[in-house]
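Now for the letters of each chain:
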Amino acid sequence: MTKTAAAATFVLISAASWATATGTTSPRAPDRPAGRLVLGLHPPERVAVVDVASGHLTTRRLEGGTLCHGLLMAAGDRAVWLSPAGRQQRAEARTLDLRGPARVLGRADMVLPAGEERLWLARLRYGRAIRVVDVRLVTTSGVTVMRSRHRAPVGYVQGATARALVVVRDGRGWEWEPRTGRVRRAPWTWLVAVHGRRSAWCTEGCQRVRLVGPGRDRRSGAVHGWTLDPRGSYSADGRLLALGATSLVEVAGEGMRIALVDTRTGATRVVPEAVLSSPTAFDWSPSGEWLYFAAPGRRVRAYRPADGRLVTLPRRLPGDILSLAAAG
């Protein structure tokens, strides 16, 4: 992966004013984070669950190619991933201790979060164009909530909300509702993140984020000299949106940074100390106080926007971190 960095740091607001503006300062906030993380490691391909406070690590080998087909996810008290099953694939869920047999959720080529411990399972047909041929909404325990009877539009499935799959075709985004078959233009091309009824979107060459939600539709500020990665994560209260940020000027030996968007004002800043080793390996703690991310040297770090505190977790991981999801 090409490593990028900033020639100069441009911050729209200071760390102190940011904490005040977002209302995230809390005198009761713990000095160190806690909880568990679900990690995808390579080589070899493994799923790992790490206790944030102690560094205790539990790992399980994955079948070859698992991490190529999608990110590992944490949904409730389970870890979820796609696993090869002969010529096909299936979605599996395991408890966070990674013991015992997997619970098979169903055949799928894609698995996407649908909120409230629910998942979209989609099967694809490949040819001149990609088409979704089967969609089910399931729980993490394997119960099918709904199976679509409607024909999906042609296109690449880029993301999902609780109600719709986002399909990209000819450079445009479309929202398709498997329950009703309804198709409508998406706000922008790429779905960045979802938080309840809120969502964030990007276009190609993402410079700004479009924030959509009840009673609001605004665009974030741009950060001069940076582009944003169209994959992000909302904090628990929805006030902050984290994305990867890449400098337009390459500097050898450096990596992506993290950008934070205040969803109420649209103000955006880059955290210069938060260097990402993988563009998709970051997630908020369930409390929303800490943002975990994969850092160089096979380490995980945690950043607290309220006061700018940056913590390195105690365990060096036995492989490169390709994905990261926070669990309770």
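Residues numbered from 1 in each chain as written. Predicted model: local features only at pLDDT ≥ 70, side-chain atom pairs only at ≥ 80, totals over all residues. Heavy atoms only, no water.

## A few points about the overall build of the protein chain
Logical step 1: A tally of helices and strands in the protein chain yields one helix and 28 strands.
Logical step 2: Of all 328 residues assigned to the protein chain, the portion counted as buried reaches 51%.
Logical step 3: Carbon and sulfur atoms make up 48% of the accessible area of the protein chain, which totals about 15200 Å². (Helix = DSSP H or I, 4+ residues; strand = E, 2+ residues; numbered from the N terminus. Buried < 20%, exposed > 50% of the residue type's maximum accessible area, 1.4 Å probe, protein only. Areas by Shrake-Rupley, 256 points an atom, 1.4 Å probe, with all protein chains shown as cover.)

## Digging into the pairing of strand E10 (residues 131-139)
Logical step 1: In terms of residue burial, E10 counts as a mostly covered element, since eight of its nine residues are buried.
Logical step 2: Pairing of strand E9 (residues 118-125) with E10 involves eight bridges; the strand directions are antiparallel. Opposite Leu121, over in E10, you have Arg136 as the bridge partner.
Logical step 3: Counted along the chain from E9 to the antiparallel partner E10, the turn is five residues long.
Logical step 4: From the end of E10 to the start of strand E11 (residues 144-147), which pair antiparallel, there are four residues, and Gly142 there has a positive phi angle of about 100 degrees. (Pairing = 2+ DSSP bridges.)

## Describing the sheet that holds E11
Logical step 1: The strand order across the open sheet built from four strands is E8-E9-E10-E11, with neighbouring strands paired in antiparallel fashion. A strand with exactly one partner marks an edge of an open sheet, and here the two such strands are strand E8 (110-115) and E11. On average, each strand axis in the sheet is inclined to that of its neighbour by 25 degrees, with strand direction left out of account. (Axes fitted to C-alpha atoms, helices over the stretch in contact; angles between N-to-C directions.)

## Things to note about the sheet that holds strand E24 (residues 282-284)
Logical step 1: The four strands lie next to each other as E24-E25-E26-E27, forming an open sheet whose pairing is antiparallel. In this open sheet, the two strands that pair with only one neighbour each are E24 and strand E27 (309-312). Sheet twist, expressed as the mean angle between neighbouring strand axes with direction ignored, is 20 degrees.
Logical step 2: For strand E26 (residues 299-304) and E27, the ladder comprises four bridges, and the chain directions are antiparallel. Bridge pairing in E27 links Arg301 to Thr312.

## A few points about the state of the cysteines
Logical step 1: Throughout the structure, instances matching the rule amount to one disulfide.
Logical step 2: Shown here is the disulfide that connects Cys202 with Cys206, its sulfur atoms set 1.8 Å apart. No difference in accessibility class separates Cys202 from Cys206, as the two residues are buried. (Disulfide = S-S within 2.5 Å.)

## A look at the environment of Val80
Logical step 1: By the secondary structure assignment, Val80 is in strand E5 (residues 78-85).
Logical step 2: The class for Val80 is buried, based on a relative accessible area of 0%.
Logical step 3: Residues in contact with Val80, not counting those within four places in the same chain, are Leu71, Leu72, Met73, Ala75, Glu92, Ala93, Leu105, Val111 and Leu119. (Contact = heavy atoms within 4.5 Å.)

## Let's talk about the pattern of salt bridges
Logical step 1: Applying the stated criterion across every chain yields a total of 12 salt bridges.
Logical step 2: Between Glu175 and Arg184 there is a salt bridge, and its shortest N-O distance comes to 3.7 Å.
Logical step 3: For Arg184, a relative accessible area of 23% corresponds to the partly exposed category.
Logical step 4: One continuous salt-bridge network, built from bridges that share partners, spans Arg163, Glu175, Glu177 and Arg184. (Salt bridge = Lys/Arg side-chain N within 4 Å of Asp/Glu carboxyl O.)

## Here we look at the packing of aromatic side chains
Logical step 1: Under the criterion given, the structure shown has zero aromatic pairs.
Logical step 2: The aromatic ring of Trp174 is capped on one face by Arg185, whose charged end is 5.3 Å from the ring centroid. (Phe/Tyr/Trp six-rings, centres within 6.5 Å; stacked < 30°, edge-to-face > 60°. Lys NZ or Arg CZ within 6 Å of the ring centre and 35° of its normal.)

## Re the environment of Gln89
Logical step 1: By the secondary structure assignment, Gln89 is in strand E6 (residues 88-95).
Logical step 2: On the basis of relative accessibility, which here comes to 10%, the residue Gln89 falls in the buried class.
Logical step 3: Setting aside residues no more than four positions away along its own chain, Gln89 makes contact with His69, Leu82, Ser83, Pro84, Arg107, Ala108 and Asp109.
Logical step 4: A distance of 3.1 Å separates a polar atom in the side chain of Gln89 from a polar atom in the side chain of His69. (Polar contact = N/O pair within 3.5 Å; in protein donor to acceptor, adjacent residues only side chain to side chain.)

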